[in-house]
Amino acid sequence: AKYLAQIILVGAQVVGRAFMRALRQEFAASQAAADARGRAERPQSAAASRIIGISLQEAQQILNVSSLNPEEIQKNYDHLFKVNDKSVGGSFYLQSKVVRAKERLDEELRIQAKGDKEKGRKAET
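Residue numbers restart at each chain and count upward from 1, following the sequence in its written direction. A pLDDT threshold of at least 70 governs which residues receive local features in this predicted model, and a stricter bar of 80 or more applies before side-chain atom pairs are shown or counted, although totals over entire chains, interfaces and linings include all residues. To get the side-chain values, take all heavy atoms of the structure and skip hydrogens and water.

Caption draft 1: View of the nonpolar core. If you look at the biggest cluster of nonpolar residues, it comprises 11 residues: Ile54, Leu56, Ala59, Leu63, Val65, Ile73, Tyr77, Val98, Ala101, Leu105 and Leu109. Secondary structure elements are defined from DSSP: runs of H or I of at least 4 residues count as helices, runs of E of at least 2 residues count as strands, and each element is numbered from the N terminus. Secondary-structure elements contributing two or more residues to this core are helix H3 (56–63), helix H4 (70–83) and helix H5 (92–124). No other element matches H5, which puts 4 residues into this core. Not counting the four nearest positions on each side in its chain, Val98 is found in contact with Ile62, Leu63, Tyr77, Leu80, Phe81 and Asn84. Only buried residues count toward a nonpolar core. Its members are Ala, Val, Leu, Ile, Met, Phe, Trp, Tyr and Cys residues joined through side-chain atoms within 4.5 Å. Only protein chains enter the area calculation, which uses a 1.4 Å probe; residues under 20% of their type maximum are buried, those over 50% are exposed, and those in between are partly exposed. We call two residues in contact when some of their heavy atoms are within 4.5 Å.

So, in structure tokens, the structure goes:
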């Protein structure tokens, strides 16, 4: 009985250490991925992603747009909003995702317009 208890204790310690090591590795990988995502986006764009809760890429996928073309965004938004309307048997959840995606893309267009204005001012001076 004594040896059985020791074997169980040692086994639990080994499994516990392995679990903690895997947890640390996963945390480090998650941090590295988050840092890489943060570097890929401009600071204002990253802030908008955090505030709205959706990344630029995810918003583009939801609205099925590859570029930030306001007309294409509006056209796809109108179609997806109507299709997912609850009164026609659609999903309120999907409709809200479409709205959030449009908000995120509109914010990105606003950030780009602001950046273009600032570049224009710098070119004048």
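Let us keep going from here.
Caption draft 2: Seen up close, the packing of aromatic side chains. Planes of paired rings set the category: under 30 degrees apart is stacked, over 60 is edge-to-face and the rest tilted, where pairs are Phe, Tyr or Trp rings (Trp by its six-membered ring) whose centres lie within 6.5 Å. Summed over the entire model, instances satisfying the criterion amount to 1 aromatic pair. Both a distance and an angle decide whether a charge sits over a ring: NZ of Lys or CZ of Arg must be within 6 Å of the ring centre and within 35 degrees of the ring normal. The ring of Tyr77 has Lys102 lying over it, and the distance from NZ or CZ to the ring centre is 5.5 Å.

Caption draft 3: Representation of a nonpolar patch on the surface within the structure. Taken together, the side chains of Phe19, Met20 and Leu23 make up a nonpolar region of the molecular surface, amounting to roughly 300 Å² of accessible area. Note on placement: Met20 falls in helix H1 (residues 2–40). Residues enter patches when they are more than 30% accessible in relative terms and free of salt bridges; like-charged ones are connected within 9 Å and nonpolar ones (Val, Leu, Ile, Met, Phe, Trp, Tyr) within 5 Å. Methods summary: accessible areas were calculated by the Shrake-Rupley approach with a probe of 1.4 Å, and residue burial reflects only the protein chains presented. By convention in these notes, a salt bridge is any Lys or Arg side-chain nitrogen within 4 Å of a carboxyl oxygen on Asp or Glu.

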